Amino acid sequence: MKHALFGLSAMLAASTAFAETVKPTDVIFTDGAVDVSLSGLAGDPAAGAEIMNKGAGNCIACHQISALSHLAFHGEIGPPLDGVADRWSVPELRGIVANAKVMFEDSMMPSFYKTEGFVRLGDAYTGDAHGDGDVLPLLTAQQIEDVVAFLVTLKEE
Amino acid sequence: MKKTTIAIGLVAVLILVPGLAMSGPDDDSLTINGEISIVTETEAPAHAENLSTIYSGWRFRSDETQAFQMDDFENPGMIGVENAMVNWETVDGSAGESCAGCHGAPEDMAGVRAVYPKWNEEKGEVTTLEVEVNNCRENRMGAEKWKYTGGDMTDMVALISSVSRGMPVNVAIDGPAKETWEQGKELYYTRTGQLELSCANCHEDSYGLMIRADHLSQGQINGFPTYRLKNTKLNSVHARFKGCVRDTRAQTFKPGSPEFIALELYVASRGNGLSVEGPSVRN
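Sequence order as written defines residue numbering, which begins from 1 separately in each chain. The naming scheme follows written order: chains are lettered A onward, ligands numbered 1 onward. Thresholds applied to this predicted model are a pLDDT of at least 70 for local features of residues and 80 or more for the giving and counting of side-chain atom pairs; totals over whole chains, interfaces and linings are not thresholded and use all residues. Hydrogens and water are ignored here; the side-chain numbers use all heavy atoms of the structure.

Draft legend 1. Structural context of the overall build of chain A. Secondary structure elements are taken from DSSP: a helix is a run of H or I of four residues or more, a strand is a run of E of two residues or more, and numbering for both begins at the N terminus. Helices and strands together make up the secondary structure of chain A, namely five helices and zero strands. When the helices and strands of chain A are read in sequence order from the N terminus, they spell out α-α-α-α-α. Looking at chain A as a whole, 41% of its 157 residues qualify as buried. Nonlocal contacts in chain A, meaning residues at least 24 apart in sequence, comprise 57% of its contacts between residues at least 6 apart. Only the protein chains shown count as cover for residues, and all accessible areas are computed by the Shrake-Rupley method using a 1.4 Å probe. Here chain A displays about 8700 Å² of accessible surface, and carbon together with sulfur accounts for 60% of that area. Buried, partly exposed and exposed residues are distinguished by accessible area as a fraction of the type maximum, computed with a 1.4 Å probe on protein chains only: under 20%, between the cut-offs, and over 50%, respectively. Note on definitions: a residue-residue contact is assigned when non-hydrogen atoms from the two residues lie within 4.5 Å.

Below you can see the structure in the form of structure tokens.
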């Protein structure tokens, strides 16, 4: 009995955590900014730093970041991100990472928390069609929060 | 004394602004075998509306990569040309013909690469060199088609390009080809895939800049086929298009598809005025 109860409350906890994740299609932008954490949790700057260099994040493909100067080959397409936390608030940074095209019209920056409205969507980098399955955003809600937590550390003043 | 200070000041600026030294095309000029001079920079044709100057991709490569293309003995793409010379002479198919049987020497093809893709009156559509090669193989030689981006095909296109090196690219975009050209233009500016990037995002808005470890060129095709040091083989235009579209996390079009043929015509036309350069060498 006790066991069963414990199981139930664990399930409840899991489902509340799930409910707090804002779905890509439900994100509310105010002037390009997003006020609430997408995962309902705080971000981890160390995990965010990893994403800057890897996988579907790969932010340094386009941005230079002095704090990550130990990593090779920073691109030049977007502005350098040094001091970015002096220029933008946390909600603004979250909005830019989730969907930069809301803040910057027609931006070349990919929308990392978006799942619809694509032309000829592929199955990752295979070149094949995506098919009917669920479309996952480039980064998860928690990964967005991790990246934002890292960006917050980029202060110059 | 004063001069030195200025010089040092300049070096400091170059170091302070990371990437500045890499930006844009370099100033090198290309002559192949000490005799074929190649136009790698010229005024953009009027229909390339958003460009003022066009550059060959050669100008964005490192000195080491560039050097491979300056001498045919160093250019690994010339091995493909030699392979194709054998096929040029070889009788294949039910008609007992070879390319040489109808066309004479490969040099008689001089000028052909420069005007393709081109409107084919008989077929009533724009065709590429690959389509024409297969048309000869199937309908004139009674031989089997080659795979569109296969080795024999790309080698043959390299041979046909090599004899036009130094001639200006000059594809026609008006008359019956206009509709296809418009379709290609539409594709060039369409942002595809989950990364929502168009050809123009990388090759028109951002050429000269680094994207991760890659120095973006204008994505011109005057140098095709290109021998890439990365995959150590000759690469055809449509194989390159496929790679670039795939990298936007999109569903690509097929090599030889009407879409890629239209895109090839459009991209080729953006290079009108540059020299035919294939087989070129890239990384």
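Draft legend 2. Seen up close, helix α6 (residues 151-162) of chain B. All names here are of chain B. An expected span of 1.5 Å times one less than the residue number is assigned to each helix. Its 12 residues place the ends of α6 16 Å apart at the C-alpha level, agreeing with the 16 Å of an ideal helix rising 1.5 Å per residue. Taking burial as the measure, the 12 residues of α6 include 10 buried ones, the bulk of the element. For α6, the set of buried residues is M153, T154, D155, M156, V157, A158, L159, I160, S161 and S162. The inward-facing, buried residues of α6 abut α3 (78-89), α4 (99-103), α5 (129-141) and β10 (233-235).

Draft legend 3. Representation of the pattern of salt bridges within the structure. Every case where a carboxyl oxygen of Asp or Glu lies within 4 Å of a side-chain nitrogen of Lys or Arg is listed as a salt bridge. Within this structure, the stated rule accounts for 14 salt bridges over all chains. Taking the shortest distance from any N to any O, the salt bridge between K54 of chain A and E50 of chain A comes out at 2.9 Å. Between K114 of chain A and E196 of chain B there is a salt bridge; the shortest N-O distance is 2.8 Å. Linking K114 of chain A in the loop between α4 (90-103) and α5 (141-152) with E196 of chain B in the loop between α7 (178-189) and α8 (199-203), this pair reaches from one chain into another. Of the two residues examined, K114 of chain A and E196 of chain B, each falls in the buried class. Members of the salt-bridge network, linked through shared partners, are K101 and K114 of chain A together with E196 of chain B.

Draft legend 4. View of α3 of chain B. All names here are of chain B. Across its 12 residues, α3 extends 17 Å between first and last C-alpha, which sits within 8% of the 16 Å expected from 1.5 Å per residue. Within the span of α3, buried status applies to M78, G80, V81, A84 and W88. The arc that holds the buried residues of α3, viewed along the axis, is 140°, so those residues lie on one side. Turned more than 90 degrees off the buried face of α3, the exposed positions are I79, V86 and E89. In this structure, the buried side of α3 is in contact with α4, α6 and β10. Throughout, the arc means that of the directions going from the helix axis to the C-beta atoms.

Draft legend 5. Representation of the nonpolar core in the model. Residue and element names in this part refer to chain A. Counting 37 residues, the largest nonpolar core has L38, M52, I65, L68, I144, F150 and L151 as the members making the most contacts within it. Secondary structure elements with two or more residues in this core: α2 (45-51), α4 and α5. A per-element tally of this core places α5 first, with six residues. The residues contacting L151, other than those within four sequence positions of it, are M52, L81, V84, A85, L93 and V97. To form a nonpolar core, buried Ala, Val, Leu, Ile, Met, Phe, Trp, Tyr and Cys residues must be joined to one another through side-chain atoms within 4.5 Å.

Draft legend 6. Quick look at the sheet that holds β10 of chain B. All names here are of chain B. If you walk across this open sheet you meet the three strands as β10-β9-β11, and the pairing is mixed. Either end of the sheet is taken by a strand with one partner, and the two such strands are β10 and β11 (280-282). Taken over all neighbouring pairs, the strand axes of this sheet differ in orientation by 40° on average, direction set aside. Relative to β11, strand β9 (residues 226-228) runs parallel, the two sharing three bridges. If you follow T226 over to β11, its bridge partner there is S280. The rule for pairing is simple: two strands pair if DSSP sees at least two bridges between them. Axis definition: a line fitted to C-alpha atoms, limited for helices to the stretch in contact. Angles are taken between N-to-C directions and run from 0 to 180 degrees.

Draft legend 7. Focus on the interface of chain B and chain A. Taken together, the 29 residues of chain B in the interface contact 36 residues of chain A. By buried area we mean how much accessible surface two parts lose on assembly, using a 1.4 Å probe and totalling the loss over both. Buried surface at the junction of chain B and chain A, both sides included, amounts to about 2700 Å², of which 53% is carbon and sulfur. Summed over the three residues of chain B that lose the most area to chain A, namely Q194, R212 and R249 of chain B, the buried surface amounts to 32% of that side. There are two salt bridges connecting chain B and chain A. With a closest N to O distance of 3.3 Å, E196 of chain B and K101 of chain A form a salt bridge.

Draft legend 8. View of the packing of helix α9 (residues 237-246) of chain B against helix α10 (residues 258-270) of chain B. Residues and elements named next belong to chain B. Relative to each other, α9 and α10 sit at 100°, their axes nearing to 11 Å. Relative to α10, α9 is oriented roughly perpendicular. In contact with V237, H238, F241, K242 and V245 of α9, α10 contributes F260, I261, L263, E264 and V267. As a working rule, the residues Ala, Val, Leu, Ile, Met, Phe, Trp, Tyr, Cys and Pro are called nonpolar, Asp, Glu, Lys and Arg charged, and the rest polar, with Gly in that last group. Partitioning the contact of α9 with α10 into residue classes produces seven nonpolar, one polar and two charged. Working definition: roughly parallel below 35 degrees, roughly antiparallel above 145 degrees, roughly perpendicular at 65 to 115 degrees, and oblique for all remaining angles.

Draft legend 9. Layout of the packing of α4 of chain A against α5 of chain A. Residue and element names in this part refer to chain A. Relative to each other, α4 and α5 sit at 130°, their axes nearing to 9 Å. What the angle tells us is that α4 and α5 run oblique. Crossing angle aside, the handedness with which α4 passes α5 is right-handed. Across from V90, L93, R94, V97 and A98 in α4, the residues of α5 making contact are I144, E145, V147, V148, L151 and V152. Looking at side-chain class alone, the contact of α4 with α5 contains nine nonpolar, no polar and two charged residues. Note on convention: the crossing is left-handed when the near helix lies turned anticlockwise from the far helix by less than a right angle, right-handed when the turn is clockwise.

Draft legend 10. Spatial organisation of the state of the cysteines. Cysteine sulfur atoms are paired as a disulfide whenever they fall within 2.5 Å. This model, assessed by the stated rule, comprises zero disulfides over all chains. Residue C59 of chain A stays outside any disulfide, its sulfur separated by 8.9 Å from that of C62 of chain A, the closest cysteine. A relative accessible area of 14% means that C59 of chain A is categorised as buried. Of all cysteine sulfurs in the structure, the one in C202 of chain B sits closest to C244 of chain B, which takes part in no disulfide; the separation is 7.5 Å.

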